Amino acid sequence: MHLKKIMFVFGTRPEVIKMAPVVSELKKYSNKIRTIVTVSAQHREMMDQMLEIFDIQADYDLNVMTDNQKLSDVTCDIIKGLDPILGKEKIDFILVQGDTTTAFAASLVGFYHKVKVGHVEAGLRTHDKFYPFPEEMNRTLVTSLSDVHFAPTSLAKDNLLREGVPKQNIIVTGNTVIDALLLTVNKKGFAGYIRQDTHKMILVTTHRRENFGEPLEEICKAILDIVAKHKNVKIVFPVHLNPNVRKIVHKYLSNEKQIELTEPLDYAAFTKYIADSYFILTDSGGIQEEAPSLGKPVLVLRNETERREGVEAGTCLLVGTNRQRIVKEANKLLMDKNAYEKMSQAVNPYGDGKASKRIVKFFLNGLGKD
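The rules behind the values
Residue numbers run consecutively from 1 along every chain, following the written order of its sequence. The model is predicted, so local features are restricted to residues of pLDDT at least 70 and side-chain atom pairs to those at 80 or more, both for listing and for counting; the totals for chains, interfaces and linings are taken over all residues. Side-chain measures were taken over the full set of non-hydrogen atoms in the model, leaving aside hydrogen atoms and water. Starting at the N terminus, helices and strands are each numbered in turn, a helix being any DSSP run of H or I of at least four residues and a strand any DSSP run of E of at least two. To sort residues, take the accessible area from a 1.4 Å probe on protein chains only and compare it with the maximum for the residue type: under 20% means buried, over 50% means exposed, and anything in between is partly exposed. By definition, residues are in contact when any of their heavy atoms lie within 4.5 Å. The rule is short: rings of Phe, Tyr and Trp, with Trp giving its six-membered ring, pair when the centres are within 6.5 Å, and they are stacked under 30 degrees, edge-to-face over 60, tilted in between. A helix's residues, less one, multiplied by 1.5 Å, set its expected span. Axis angles are defined between N-to-C directions and span 0 to 180 degrees, where every axis is a line fitted to C-alpha atoms and, for a helix, only to the segment in contact. For this classification, under 35 degrees means roughly parallel, over 145 means roughly antiparallel, 65 to 115 means roughly perpendicular, and everything else is oblique. A crossing counts as left-handed when the near helix is turned anticlockwise from the far one by less than a right angle, and as right-handed when that turn is clockwise. Three classes are used: nonpolar for Ala, Val, Leu, Ile, Met, Phe, Trp, Tyr, Cys and Pro, charged for Asp, Glu, Lys and Arg, and polar for all others, with Gly counted as polar.

Draft legend 1. Looking closely at the environment of Glu217. One can find Glu217 in helix α8 (residues 214–229). In this structure Glu217 comes out as partly exposed when scored by relative accessible area, which is 24%. On a C-alpha basis, the gap between Glu217 and Asn322 in space is 9.9 Å, while along the polypeptide they are 105 residues apart. With residues up to four places along the chain from it excluded, the contact list for Glu217 reads Ile248 and Tyr252.

Draft legend 2. Region of interest: the packing of aromatic side chains. Considering all chains together, one arrives at 10 aromatic pairs under this definition. The interplanar angle of 10 degrees and the centroid separation of 4.1 Å between the aromatic rings of Tyr278 and Tyr340 together place this pair among those described as stacked. Separated by 62 residues along the polypeptide, Tyr278 in the loop between α10 (267–276) and β11 (279–282) and Tyr340 in helix α14 (residues 337–344) bring together distant segments of the chain. Connected via pairs of aromatic rings, a cluster forms that spans Phe93, Phe150, Phe362 and Phe363.

Draft legend 3. Summary view of helix α3 (residues 71–88). A rise of 1.5 Å per residue sets the reference length of α3, with its 18 residues, at 26 Å; its end C-alpha atoms lie 26 Å apart and thus fit the reference within 8%. At its buried positions, α3 is contacted by β1 (4–10), β2 (33–39), β3 (60–61), β4 (93–97) and α4 (101–112).

Draft legend 4. Layout of the packing of α8 against helix α9 (residues 243–253). The geometry of α8 relative to α9 is characterised by a closest axis approach of 10 Å and an angle of 30 degrees between their N-to-C directions. In this view, α8 runs roughly parallel relative to α9, as classed from their interaxial angle. The way α8 lies across α9 gives a crossing that is right-handed. Across the interface between the two elements, Leu216, Glu217, Cys220, Lys221, Ile223 and Leu224 of α8 pack against Asn244, Val245, Ile248, Val249, Tyr252 and Leu253 of α9. Residue classes in the contact of α8 with α9 are distributed as 9 nonpolar, 1 polar and 2 charged.

Structure follows, in structure tokens:
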């Protein structure tokens, strides 16, 4: 019997987290499907950390990361690195995730080789091609190159339908990040965990290009305002490795007793911090999905989000990077119990932890064969 070959291609920390449950689920059926993992290493150190956490071994490593890399260089290096691999391996399907340059470049190479492409987390949109940059255009281009679209929500499906994607090519699965989160929480025993520390801990992350410079300075000043007003608040801020982030964050926040700056955390540790937190300040897309699963409100440090479901459900609130707005909404969550409970008890719209099973079911049913 011919084993169907499915190649995963990813290269960043969030991609590993969101693809790991699918890789794990698909490998249960090694008698039917051969799973091949190719990593671009678009983000070398943080990606390697996640591969180790989820015990994923790469079959191919493109190793494209360089210091101060340009998007054009990343794109070209992935295309040049992946092209001969697809020439060698007779792949039936390429699976990419989300909105990275790796996802776009891999989809394009798949198209060049006439290999079908499946897009995990398809259909997210802000409808502004420069926000977030380059993610919005990456995921839009991946949609054009994909044959099967694994949409996390009904809203994402509607976006795809409006763009002319045939209904039969869209499968609503839930988001695989919930699978990863729940697996980690259950494995590490964080569910029902009660902190002994009496401080209200606010978890902060920021890494997006559009927040480099003055917007990030505004965020840091807002954090200083928050700790100045609330002596019972502790800030935990895992600082992204990008020097554009580290320089500003350390300049403003490194000498405050209520603020703990850490190196990037592995996923298990980060999940525990989510469970520990009172609420979260972030510009991350994935955390907007993860935090509501643990009942944690999210103040989103962006003016737009492609994850509208969380905003509409009330688990997330867009606050942008305006210093006064951030402080105002943080104060409300810290001082107004009703406002806090309204966000923390809202229903999580992102899935039930079974997205990976739904994706793998598609391949087991043979729907991706022809």
